Amino acid sequence: MADECFGHPRLAAIYDPLDPDRSDLDAYVRIAEGFGVRRVLDIGCGTGVFALLLADRGIEVVGIDPAYASIEVAEGKPGSERVRWICGDVSALPLLRVDLATMTANVAQAIVDPKIWQETLRRAYESLRPGGRLVFETRDPARRAWEEWNREDSYRVAEIPGVGEVESWVEVTDVSLPLVTFRWTYVFAADGQVLTSDSTLRFRERKEVESDLFAQGYVVDDVREAPDRPGREFVFLARRPEAR
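Within any chain, residue numbers begin from 1 and follow the written order of that chain's sequence. Given that this is a predicted model, residues contribute local features only at a pLDDT of at least 70 and side-chain atom pairs are listed and counted only at 80 or more, while totals for whole chains, interfaces and linings are drawn from all residues. Where side-chain values are given, they derive from all heavy atoms of the structure, hydrogens and water being excluded.

Some details on the environment of tryptophan 149
- Labels follow the DSSP assignment, with helices taken as runs of H or I lasting at least four residues and strands as runs of E lasting at least two, numbered in each case from the N terminus. Structurally, tryptophan 149 can be placed in the loop between strand 5 (128–139) and helix 8 (151–154).
- The spacing of tryptophan 149 and tryptophan 169 is 20 residues in sequence and 8.9 Å in space, taken between C-alpha atoms.
- By the convention used here, residues are in contact when the closest approach between their heavy atoms is within 4.5 Å. Apart from the residues within four sequence positions on either side, tryptophan 149 is in contact with Arg139, Val170, Glu171, Val172, Val180, Phe182, Leu201 and Phe203.
- In protein, a polar contact means a hydrogen-donor-capable atom and an acceptor-capable atom, both N or O and within 3.5 Å, with residues adjacent in sequence counting only if both atoms are side-chain atoms; elsewhere, any N or O pair within 3.5 Å suffices. Here alanine 145 takes part through its backbone oxygen, which lies 3.4 Å from a polar atom of the side chain of tryptophan 149.

Here's what the structure looks like:
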């Protein structure tokens, strides 16, 4: 099930305006260009920002996400016809042979169930051509990022064209490591509607992730820092070995 911020039509429609700075995706674009990839699977594509960045560069992209409302937003964007959009989880994937599979932003951490996580890694592996790569990020639990998620630091008011003012803030509601649950609240000035979205992320240790990747047959080529958040995240570059 998708969180309300992705699955509720009114919230999906304001997701991009509330988070317009997606410079975090620049590193993924550089990775794709550096490897010279031609086909990409974007797992948890959301409103399609990254998929469309790749499509703009002539890359063939399949974007998959379980939130229908987010897929609808993606399909309404200029150039969306160049991306193959799929609404569903990885079990809905057709047979693919991509050069690169990605899980940007919170996607990997939002897969909290260990069985679903292993299934996601397995299906991504099956979708890669031999020698293809999986790239994703996850926060370093040692940095305890959730301690910074509070109303005081996150509160803002955004003026969104066609929508009006929207207040938003986040608060942590439960810390039961490795799981952290938090709630976003949105207040629409136009009619006073208040919507909330609860999310849970799983904070995995580096060795745990590496072990999960090895179990699915991957080779871990590198574990980097996120360029825009040094010391706070792990960026994993894993590879499906070439056929022997």
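Having seen it, we continue.
Things to note about the environment of valine 98
- By the element assignment, valine 98 lies in strand 4 (residues 98–103).
- Between buried and exposed lies partly exposed: a residue is buried under 20% and exposed over 50% of the maximum accessible area for its type, with that area taken using a 1.4 Å probe on protein chains only. The exposure class of valine 98 is buried, given its relative accessible area of 4%.
- For valine 98 and arginine 39, which are 59 residues apart along the polypeptide, the C-alpha to C-alpha distance reads 4.9 Å.
- With sequence-adjacent residues up to four places away left out, valine 98 is seen in contact with Arg39, Val40, Leu41, Ser127, Leu128, Arg129 and Gly132.

Thoughts on the pairing of strand 6 (residues 156–160)
- In this structure, strand 6 lies alongside strand 7 (residues 164–176), joined through five bridges in antiparallel fashion. From the neighbouring strand, valine 157 faces strand 7, where its bridge partner is glutamate 167.
- Here, any two strands with at least 2 DSSP bridges between them count as paired. Adjacent in sequence and paired antiparallel, strand 6 and strand 7 are bridged by three residues, among which glycine 162 carries a positive phi angle near 80°.

Brief notes about the packing of aromatic side chains
- Working definition: rings of Phe, Tyr and Trp (its six-membered ring) pair if their centres are within 6.5 Å, and the pair is stacked with planes under 30 degrees apart, edge-to-face with planes over 60 apart, and tilted otherwise. Evaluated as defined, the whole model comprises eleven aromatic pairs.
- Taking the centre distance of 5.7 Å and the plane angle of 85° together, the rings of tryptophan 117 and phenylalanine 136 count as edge-to-face. Residue tryptophan 117 is found in helix 7 (residues 114–127), and its partner phenylalanine 136 is found in strand 5; the two are separated by 19 residues along the sequence. A single burial state applies to tryptophan 117 and to phenylalanine 136, both of which are buried.
- Ring centres 4.9 Å apart and planes at 80° place the aromatic pair tryptophan 146 and phenylalanine 203 in the edge-to-face group. Pair noted here: tryptophan 146 is in the loop between strand 5 and helix 8 and phenylalanine 203 is in the loop between strand 9 (194–202) and helix 9 (206–215), with a separation of 57 residues, a long-range link. Accessibility assignment for this pair places tryptophan 146 and phenylalanine 203 in one class, buried.
- By way of ring pairs, the aromatic residues Trp117, Phe136, Phe234 and Phe236 are connected into one cluster.
- A cation sits over an aromatic face here: arginine 151 above tryptophan 169, 3.8 Å from the ring centre.
- Our definition puts a charge over a ring when NZ of Lys or CZ of Arg is within 6 Å of the ring centre and also within 35 degrees of the ring normal. In this arrangement the basic side chain of arginine 204 is found over the ring face of tryptophan 117, its NZ or CZ atom lying 4.1 Å from the centre.

Description of the pattern of salt bridges
- In what follows, salt bridge is the name for a side-chain nitrogen of Lys or Arg lying within 4 Å of a carboxyl oxygen of Asp or Glu. Overall, the coordinates contain 19 salt bridges when judged by the stated rule.
- Where aspartate 56 meets arginine 82, a salt bridge forms, and the shortest distance between an N and an O atom there is 2.6 Å. Placement of the pair is aspartate 56 in the loop between helix 4 (49–55) and strand 2 (60–65) and arginine 82 in the loop between helix 5 (68–75) and strand 3 (83–87), with a sequence separation of 26 residues.
- Classification of arginine 82 by relative accessible area gives partly exposed; the value is 41%.
- Overlapping salt bridges, with partners in common, bring together Glu119, Arg122, Arg123 and Glu126 in one network.

Structural notes on unusual backbone geometry
- Residue leucine 177 is joined to proline 178 through a cis peptide bond whose omega torsion reads 15°.
- Not every positive phi belongs to a glycine, and alanine 105 is a case in point at roughly 50°.
- Within the fold, alanine 105 resides in the loop between strand 4 and helix 6 (107–110).

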